[in-house]
Amino acid sequence: MVATAVLRSRIADVSNAYGQTGHPGKLPIKVRSAVMNFSDDPFLDIHAAGQWKALIPKGNGWVLLDFNKTVYAVSMYHQLHCLNSICHDLILS
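Reading guide: rules and limits
- The written sequence of each chain sets the order in which its residues are numbered from 1.
- Totals for whole chains, interfaces and linings use all residues, but because this is a predicted model, local features are given only for residues with pLDDT of at least 70 and pairs of side-chain atoms are given and counted only at 80 or more.
- Side-chain descriptors were evaluated using all non-hydrogen atoms of the structure, hydrogens and water having been removed beforehand.
- Under the scheme used here, helices are H or I runs from DSSP no shorter than 4 residues and strands are E runs no shorter than 2 residues, and both carry numbers assigned from the N terminus.
- Relative accessibility under 20% of the residue-type maximum defines a buried residue, over 50% an exposed one, and the middle range a partly exposed one, all with a 1.4 Å probe and only protein chains included.
- Working rule for contacts: check all heavy atoms of both residues, and any pair within 4.5 Å makes them a contact.
- Paired strands are those between which DSSP finds at least two bridges.

## Some details on the environment of Trp62
- Relative to the assigned elements, Trp62 resides in strand E1 (residues 62–65).
- When its relative accessible area of 52% is taken as the criterion, Trp62 is described as exposed.
- If near-sequence neighbours (up to four positions away) are discounted, Trp62 is found in contact with Val71, Tyr72 and Ala73.

Next up, the structure:
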């Protein structure tokens, strides 16, 4: 009974996230803050095309939401795609 109530609550959260447009205005999840330290990494050198490509998942980061049959690009993978294009252009120039 409790599991059913939780599941219904989650479905309601997802349905409410879409609103009138059929497009999600926000994800119905809670994201905590995180801290990250940056340093040079030879593994992700500008010339390491294979390593950069390995960061992109099957489907190139595009997701299909069955609710409205719309395809969306996950922001992080879109940003990696853009960085890869910049690296490619820098190497060729």
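## Points about the pairing of E1
- With 4 bridges connecting them, E1 and strand E2 (residues 70–73) associate as antiparallel partners. If you follow Leu65 over to E2, its bridge partner there is Thr70.
- Between the end of E1 and the start of E2, which pair antiparallel, lie 4 residues, with Lys69 showing a positive phi angle near 55°.

## Considering the environment of Lys53
- By the secondary structure assignment, Lys53 is in helix H2 (residues 49–54).
- The class of Lys53 is exposed, set by a relative accessible area of 66%.
- Residues Lys53 and Asn84 lie 31 residues apart in sequence; the distance between their C-alpha atoms is 8.1 Å.

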